[in-house]
Amino acid sequence: DQQVKQNSPSLSVQEGRISILNCDYTNSMFDYFLWYKKYPAEGPTFLISISSIKDKNEDGRFTVFLNKSAKHLSLHIVPSQPGDSAVYFCAAKEVRSQGNLIFGKGTKLSVKP
Amino acid sequence: NAGVTQTPKFRILKIGQSMTLQCTQDMNHNYMYWYRQDPGMGLKLIYYSVGAGITDKGEVPNGYNVSRSTTEDFPLRLELAAPSQTSVYFCASRGTGGSPLHFGNGTRLTVT
């Protein structure tokens, strides 16, 4: 049973447009959510996070939205750039855990010039 | 500043062989983690450590062992390699509070 679900394995977007990556979760004890970006042959790198007490967090071109009632979060990238092409992982942390993250399967984003 | 360093980058093992995946970090982080990523899947936690001398099991610990004798190093041991352990292994560390995980570049292991 997956606690963090990314139902779109891939997404293709034109350069300059908005990319929206979605993530759903089932565990009500998650209190912190993160997005990681991964290039081939590299480890995941932290992108942006959001606490469960907030509904939006913004960092430059990246914005994460959290809808607790729907147990849904999304990552918006505006404008999308070819260098954003990577696999994006949604991750969640449970209250009182030792920082252990539960990861989704990832969404491969392709930004076409 | 090297961050999290994993060695080797690639390894092929025969069934039943053993090996140690090395992980070291130079950020003085207390928390360290081992994850594995199977093709098309998310990362799953194998073991973690909250400080030197303290380790605990994650979601998929069977077939692995760890030790944490220093703050910097967190090696992962496979005693009897099995084909099911074919995966990419990532080591990560983090500081205190809500700081995010810093990952190494991974070790790609194939067991045949």
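Structure's up top.
Sequence order as written defines residue numbering, which begins from 1 separately in each chain. For naming, the first written chain is A and the first written ligand is 1, with later ones following in the order written. In keeping with the predicted nature of the model, local features appear solely for residues at pLDDT of at least 70, side-chain atom pairs appear and are counted solely at 80 or more, and the whole-chain, interface and lining totals rest on all residues. With hydrogens and water excluded, all non-hydrogen atoms of the structure serve as input to the side-chain values.

Caption draft 1: Examining the interface of chain A and chain B more closely. Opposite the 17 residues of chain A that make contact, chain B presents 19 residues. For any pair of parts, buried area is found by adding up, for both, the accessible area (1.4 Å probe) each one loses once the two are put together. The three residues of chain A that bury the most area against chain B are Gln98(A), Phe103(A) and Lys105(A), which together make up 33% of that side's buried surface. The rule for a salt bridge is simple: a side-chain nitrogen of Lys or Arg has to be within 4 Å of a carboxyl oxygen of Asp or Glu. Inspection of the chain A/chain B interface yields zero salt bridges. Secondary structure elements are defined from DSSP: runs of H or I of at least 4 residues count as helices, runs of E of at least 2 residues count as strands, and each element is numbered from the N terminus. Elements with a contribution of two residues or more to the side of chain A that touches chain B: strand E4 (30-38) and strand E10 (101-103) of chain A. No other element matches E4(A), which puts four residues into the side of chain A that touches chain B. Class assignment for the residues of the side of chain A that touches chain B results in nine nonpolar, five polar and three charged. Residues count as neighbours in contact if any of their non-hydrogen atoms are within 4.5 Å of one another. Three classes are used, and their members are as follows: Ala, Val, Leu, Ile, Met, Phe, Trp, Tyr, Cys and Pro are nonpolar, Asp, Glu, Lys and Arg are charged, and the others, Gly among them, are polar.

Caption draft 2: Quick look at the sheet that holds strand E7 (residues 64-66) of chain B. Residue and element names in this part refer to chain B. When DSSP locates at least two bridges between a pair of strands, those strands are taken to pair. In space, the four strands of this open sheet follow the order E1-E3-E8-E7, with antiparallel pairing throughout. At either margin of the open sheet sits one strand with a lone partner, and together these are strand E1 (4-7) and E7. Across the sheet, the mean angle separating the axes of adjacent strands is 20° when strand polarity is ignored. Relative to strand E8 (residues 76-78), E7 is paired through three bridges, and the arrangement is antiparallel. Fitting a line to C-alpha atoms yields each axis, with helices limited to the stretch in contact; the angle taken between N-to-C directions then spans 0 to 180 degrees.

Caption draft 3: Fine view of the side chain of Arg68(B). Looking at the element boundaries, Arg68(B) is found in the loop between E7 and E8. Remark: exposure states derive from per-residue accessible area (1.4 Å probe, protein chains only) relative to the maximum for the residue type, with buried under 20%, exposed over 50%, and partly exposed in between. Just so you know, the count uses Lys and Arg for positive and Asp and Glu for negative, and it drops His and the chain ends. The buried charged residue Arg68(B) lacks any salt bridge, with Glu72(B) as its nearest oppositely charged partner at 7.5 Å.

Caption draft 4: The pattern of salt bridges, seen in detail. All names here are of chain A. For the coordinates displayed, the defined rule picks out six salt bridges over all chains. A salt bridge links Asp-84 to Arg-61; its shortest N-O distance comes to 2.8 Å. Separated by 23 residues along the polypeptide, Asp-84 in the loop between strand E8 (72-77) and strand E9 (86-94) and Arg-61 in the loop between strand E6 (56-59) and strand E7 (62-67) bring together distant segments of the chain. Arg-61 sits in the partly exposed class, given a relative accessible area of 22%.

Caption draft 5: Representation of the nonpolar core in the model. Ranked by internal contacts, the top residues of the largest apolar core, which has 23 residues, are Phe33(A), Trp35(A), Leu73(A), Leu75(A) and Tyr88(A). Contributing elements (two or more residues each) for this core: strand E3 (19-25), E4, strand E5 (45-51), E7, E8, E9 and strand E11 (107-112) of chain A. Here this core gets four residues from one element, more than from any other, and that element is E9(A). Not counting residues within four places of it along the chain, the set of residues in contact with Leu75(A) comprises Ser19(A), Ile20(A), Leu21(A), Trp35(A), Leu47(A), Ile48(A), Phe62(A), Thr63(A) and Tyr88(A). Listed in part, the 19 residues of the second largest apolar core include Val4(B), Leu21(B), Leu76(B) and Ala81(B). What makes a nonpolar core is a set of buried Ala, Val, Leu, Ile, Met, Phe, Trp, Tyr and Cys residues whose side-chain atoms join them at distances within 4.5 Å.

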